[in-house]
Each structure stands twice: as structure tokens, then as C-alpha cells.
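Report on the structure
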Amino acid sequence: MRKGGSAVRALALAACIGMFLVLLMGATVTQTESGRGCGDDWPLCNGKFVPDYTITSIIEYSHRVVSGVVGLLILAAAIAVFLRVPRRAPRLYSTGALLFTVLQAGLGAAQVMNPQSDAILALHFGISLLAFTLTLLTVTSVRAYFRGDRSIEAVRPVSGGFRLAVWLTTLYSYVVVYTGAYTSHTDSGGGCAGFPLCNGQVVPSALEGATAVAFTHRTAAYLLFAVVLALALYTWRAYASRRDISNGAMWSLVLVVAQVLSGGLLMALAGTDSYVLGTLLHTMIISVLFAVLSYLSITVWEAGRADRR
């Protein structure tokens, strides 16, 4: 185990927790329709450094402030990683986290000063999710370095087909995230009443407008559940001895089940004061699921590098 590094690990962890908070606050802004709470001013709020005490302005401005603080944390973590961690992976992750954080901040500013389409707004959440995932990968890689974990040469290889399956599952989960964000930004969640069917039908008869958007997201989410289930079952059969891979598959399955159930909970909470809390839970689960699948993708990639060596 390498000595020192507590400051680097603390910074990386703080940046990761902060970025997760930014994700949830961004979802709150969307669900409470607070995006215009500060008018078309940025970075000020309606021309003021301290905004008026309205619900929408407080929600929007607090999101901006927290995002700024977290951006500085991510910058500090990246600098610390470059100074104290000589491995390529942590440096790549921390740099990527910083770049995506700047990009999502830029999109947020552009939306305020020049309103964007719902399709672009949905991408904003996806970029924030990538920033969070990269901060989490920074945490795990920095922790591995200071613990003195085994290098990739010592990792048992996995098959090329399995690696491809994990990568495609991760990529597809990002597509599902985007359809969910688009459903939220277009306020189409009510297009499918009931659960698990949509308006009491396997395929809605009137497949248009909000119903088409909501049904597309539901279908994509159900398919993601089936894909993750198949991946987990195969992993436990073929790679049970690889604890890192089998545990990743297990948590992916637990999270995708929780994600589907939280979608059902949203239907139950529709029209109530608790609906926003339900959407935050839904957002939290899918964010962690994507991060776990990304970690699994990195793990099998490293195993592939060991195989080639």
C-alpha cells in the first residue's frame, strides 16, 4: 500500500459527491420548471448577485452556485491527480470529468441566454451524467493506486464477445437515459398512464404525441432490464470467480430492477406533491446504474488488455 494520498482521495470523493448533487439539483430544476427562474441573465439572476426570494429563482440560482463550487472541486481534484498519481487512467478520468463539467455549464448558460430545443436540453443531463461517472471512475482509480492494487498484467482475461456485450449494454443504457431526459423535458410522462402497461394496453392505440414519447422510453427501459438480466446470468455462469466483474453485474441487475420499479412508483405519485421526490429517486438510480456499467466496461477492457499481453 502506498503512503499518503489522503488529500487526493478526499478531493476526488468530494468532487464525485458534489457532481452527484448537481445531477439531482438539475433534475429538480427541470421538474419544478425553474429553468427560467433567473430570467435570461447568466451568471447573475435577474440582474442581481443575490436573487429575489421566489421559489423558482432560489432553485435555479442555488443550482448554479453549487455547480460552480463543484466545478472548482473537480478542477482541484484534476490538478491533485496530475501531481500525485502517475498513472494514465486517473489522469484521463479527472481530465474528462473537468471537460464535461465545463461543457454542461456552457450548455446551461446557453439555455438561459438563448433557449434551446427539448432535444438539446435532454442532452444536457446526459453530459452531466458523463461528468459524474468520470468523477466516480477517478475515485476508484485513485483509490486503487494508493492501495497498490494489481496492475492489468495480473488481471485474468475475459472473452472478446463478453467485453463487447458489456460495452454495448453500457452504450444502450445511455440511450435509455436520453429517452428518459427527453420525456421529462417534454413533460410527456403522463402520456402513459398505469404500470406496467401504457394506458392499459401493450401497445397504445393512439401512438402519438406525449404517449409516443413516454411509450418509447418505457419500451427502452424494459429492454434494458432484459439485457442486463441476460448479462448478469451469463456473468455468474462464466465469470463467477471474477469478483469485480460478477459484483458489477449483480449491482447492475439490482439497480435496473430498482429503476423499473421507481418508474412504476412515478405513476403512483402522478399528480401528488411527492412526484418531484419520485423523479429524483428515478434520476438517482439511473445515474448510479450507468456509473456501475461504465465501471464494468473499464474492468473488462483492462482484462482485454491483459489478454492481449
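Quick caveat: nothing in here was measured; it's all calculated off a predicted structure. (Residues numbered from 1 in each chain as written. Predicted model: local features only at pLDDT ≥ 70, side-chain atom pairs only at ≥ 80, totals over all residues. Heavy atoms only, no water.)

This brings us to the state of the cysteines. When the sulfur atoms of two cysteines share a covalent bond, that bond is a disulfide. In total, this model carries 1 disulfide according to the counting rule given. There is a disulfide in this structure between C192 and C198, and the S-S distance comes to 1.9 Å. Around the S-S axis, the bridge from C192 to C198 shows a dihedral of about -85° and counts as left-handed. Owing to a relative accessible area of 1%, C192 belongs among the buried residues under this scheme. Residue C198 is classed as buried on the basis of its relative accessible area, which comes to 1%. (Disulfide = S-S within 2.5 Å. Buried < 20%, exposed > 50% of the residue type's maximum accessible area, 1.4 Å probe, protein only.)

With 41 residues, the main nonpolar core has M19, I74, L129, F132, L224, V256 and L289 as its most contacted residues. Of all the secondary structure elements, the ones that give two or more residues to this core are α1 (6-31), α2 (55-84), α3 (88-113), α4 (118-147), α5 (160-185), α6 (209-238), α7 (243-269) and α8 (275-308). Sequence-distant contacts of F132, that is, excluding residues within four places in its chain, are made with C16, M19, F20, L23, S287 and A291. Formed by 9 residues, the second largest nonpolar core is a distinct cluster that contains V158, Y239, I245 and A303. (Core = buried A, V, L, I, M, F, W, Y, C linked by side-chain atoms within 4.5 Å. Helix = DSSP H or I, 4+ residues; strand = E, 2+ residues; numbered from the N terminus. Contact = heavy atoms within 4.5 Å.)

Moving on to the packing of α1 against α2. Closest axis-to-axis distance for the α1/α2 pair is 8 Å, and the angle between their directions is 155°. By the angle between their directions, the pair α1 and α2 is classed as roughly antiparallel. Read as a crossing pair, α1 and α2 show a hand that is left-handed. Grouping the constituent residues of the contact of α1 with α2 by class yields 19 nonpolar, 6 polar and 2 charged. (Axes fitted to C-alpha atoms, helices over the stretch in contact; angles between N-to-C directions. Parallel < 35°, antiparallel > 145°, perpendicular 65-115°, else oblique. Left-handed = near helix turned anticlockwise from the far one by under 90°. Nonpolar A, V, L, I, M, F, W, Y, C, P; charged D, E, K, R; others polar.)

Attention shifts here to α4. The end-to-end C-alpha distance of α4 is 44 Å, a good match for the 44 Å that 30 residues give at a rise of 1.5 Å each. Buried residues dominate α4, accounting for 21 of its 30 residues. G148 sits one or two residues past α4 and shows a positive phi near 75°. (Expected span 1.5 Å × (residues − 1).)

Before going further, it helps to examine the packing of aromatic side chains. Pairs of aromatic rings are described using the distance from one ring centre to the other and the angle between the two planes. Enumeration according to the criterion identifies 7 aromatic pairs in this entry. Seen from their ring centres, F162 and Y239 are 4.7 Å apart, and the 40° between their planes marks the pair as tilted. Placement of F162 in helix α5 and of Y239 in the loop between α6 and α7 is noted, with a sequence separation of 77 residues between them. Judged by relative accessible area, which is 3%, F162 ranks as buried. (Phe/Tyr/Trp six-rings, centres within 6.5 Å; stacked < 30°, edge-to-face > 60°.)

With that out of the way, let us pick up a nonpolar patch on the surface. Together, L44, F49, V50, Y53 and I58 give the surface a local cluster of nonpolar side chains, amounting to about 580 Å² of exposed area. With respect to the element layout, I58 can be found in helix α2. Residue I58 is classed as partly exposed on the basis of its relative accessible area, which comes to 39%. (Patch = residues over 30% accessible without salt bridge, like charges linked within 9 Å, V, L, I, M, F, W, Y side chains within 5 Å. Areas by Shrake-Rupley, 256 points an atom, 1.4 Å probe, with all protein chains shown as cover. Salt bridge = Lys/Arg side-chain N within 4 Å of Asp/Glu carboxyl O.)

Time to look at the pattern of salt bridges. One pass over the structure, following the stated rule, counts 2 salt bridges. Residues E60 and R64 are paired through a salt bridge, measuring 3.0 Å at the closest nitrogen-oxygen approach. Of the two residues, E60 and R64 are both situated in helix α2; the distance of 4 residues between them amounts to about one turn of the helix. The salt bridge involving D244 is made with R242; its shortest N-O contact spans 2.7 Å. With relative accessibility at 30%, the residue D244 sits in the partly exposed group.

In this section: the confidence of the model for the chain. Put simply, the chain has an average pLDDT of 87, and 94% of its residues get 70 or more. When pLDDT is averaged over each element of the chain, α6 comes out on top at 94 and α8 at the bottom at 85. (pLDDT = per-residue confidence, 0-100.)

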